[in-house]
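# Geometric and topological summary
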Amino acid sequence: MTKSVAPLDTPTPLVITLGNLKGGVGKTTSAFFLASYFASVHEVRVLVIDADPLSQTGYSWHRRLVKGDVAVPFELIAFPSRHVDDCITDNASDFDVIIVDAGGESADIFKAAILQSHELILPTSVSPSEVKRVPSTFKAAEEAAAGRDCEIRVRVLMTKVPVTMKNGVNISTEYRTQRRFLEDAGYDVFESYLSSWKWYREAADGEVGDGAENPIEDLAEYRQVGDELVSPYRIDMEVSA
Ligand SMILES: Nc1ncnc2c1ncn2[C@@H]1O[C@H](COP(=O)(O)OP(=O)(O)O)[C@@H](O)[C@H]1O
Ligand SMILES: [Mg+2]
């Protein structure tokens, strides 16, 4: 079998935290699709830790998939505790990628996850009130990262983006304004983004089982996000000019 993807040189396990001290921004959705991305595209062992103390959306979603006889390509543990760093350590030898859905509201859990993470993804929708929350989440992340001895890469991921295409470019004013705001403020923003699509909502909230498709099988835009996420780890033959 030929693999279409270049091999990756990542730490083992690669630990990715999805966090934002704000709910409803697409953390859980992103955790699931990115877990599927790693499992299906890179064929590695993936664990999702649902560390959201308020709503165990990830746990319920995973359970629904498993009960619906859907072949879920990753495992999930619910561990909504500020000892989530221990949970990561304890599972480190069994997985290649660990994705922590750090939930909202709990700065303690978020900070504990950061202690063990290589990558922090801050998902935010383009709504101005949510984008305004990015700096406080970033600051909490910086405080937590100060206790680490190695670097953590922090990137903002734009979700629920309105799309108005013209000549292959998304000219939505809200999207462009908020991206510019984030970039001008110095944040590293993923080039790829998640459109506001019913598709993603249905994946998380929809029924599974008889007659239903397996929604996370189609990675949609998360394929690009995943590729961008792992691009620093690619063992590249090509040297860019
Ligand atoms: N790109 C998107 N487009 C449309 N709806 C989305 C998108 N991403 C997530 N959703 C929906 O928004 C809601 C919140 O997403 P969720 O991933 O649960 O956020 P969080 O974990 O940050 O609370 C869910 O109903 C989800 O299905
Ligand atoms: Mg969630």
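Fair warning: this is a prediction, and the values are worked out from it, not measured in the lab.

Right, let's get into the sheet that holds strand β4 (residues 97-101). Read from one edge of the open sheet, 6 strands run β3-β2-β4-β1-β5-β6, paired in parallel fashion. The open sheet has two edge strands with one neighbour each: β3 (75-78) and β6 (153-159). With strand direction ignored, the average angle separating the axes of adjacent strands in the sheet is 20°. Direction of pairing for strand β2 (residues 46-50) relative to β3: parallel, over a ladder of 4 bridges. Bridging from a neighbouring strand, Val 48 pairs with Leu 76 of β3.

Another aspect to go through is the site of ligand 1. Around ligand 1 sit 17 residues, and of these Lys 27, Thr 28, Thr 29, Arg 201 and Ala 204 come closest. Of the residues that constitute the shell around ligand 1, the class distribution is 5 nonpolar, 8 polar and 4 charged.

This part takes up the nonpolar core. In terms of nonpolar packing, the biggest core is built from 60 residues, with Val 48, Ile 49, Val 84, Ile 99 and Val 100 touching the most fellow members. It is helix α1 (residues 27-41) that contributes the most residues to this core, 7 residues altogether. Beyond its immediate stretch of four places on either side in the chain, Ile 99 contacts Ile 16, Leu 18, Ala 31, Leu 34, Ala 35, Val 46 and Val 48.

On to helix α6 (residues 134-145). In this model α6 runs 16 Å from its N-terminal to its C-terminal C-alpha over 12 residues, within 8% of the 16 Å that 1.5 Å per residue would give. Along α6, the residues that are buried comprise Val 134, Thr 137, Ala 141 and Ala 144. Each buried residue of α6 sits inside an arc of 90° when the element is viewed along its axis, so together they form one side. Facing away from the buried side of α6 by over 90 degrees, the exposed positions are Pro 135, Lys 139, Glu 142 and Glu 143. Contacts made by the buried residues of α6 are with α4 (107-115), β5 (119-125), α5 (128-131), β6 and α7 (173-184).

Calculation rules
- Residues numbered from 1 in each chain as written.
- Chains lettered and ligands numbered in written order.
- Predicted model: local features only at pLDDT ≥ 70, side-chain atom pairs only at ≥ 80, totals over all residues.
- Pairing = 2+ DSSP bridges.
- Helix = DSSP H or I, 4+ residues; strand = E, 2+ residues; numbered from the N terminus.
- Axes fitted to C-alpha atoms, helices over the stretch in contact; angles between N-to-C directions.
- Near = placed C-beta within 6 Å.
- Nonpolar A, V, L, I, M, F, W, Y, C, P; charged D, E, K, R; others polar.
- Core = buried A, V, L, I, M, F, W, Y, C linked by C-beta atoms within 7 Å.
- Buried ≥ 20, exposed ≤ 12 C-beta atoms within 10 Å, placed from the backbone.
- Contact = placed C-beta atoms within 7 Å.
- Expected span 1.5 Å × (residues − 1).
- Arc of directions from axis to C-beta.

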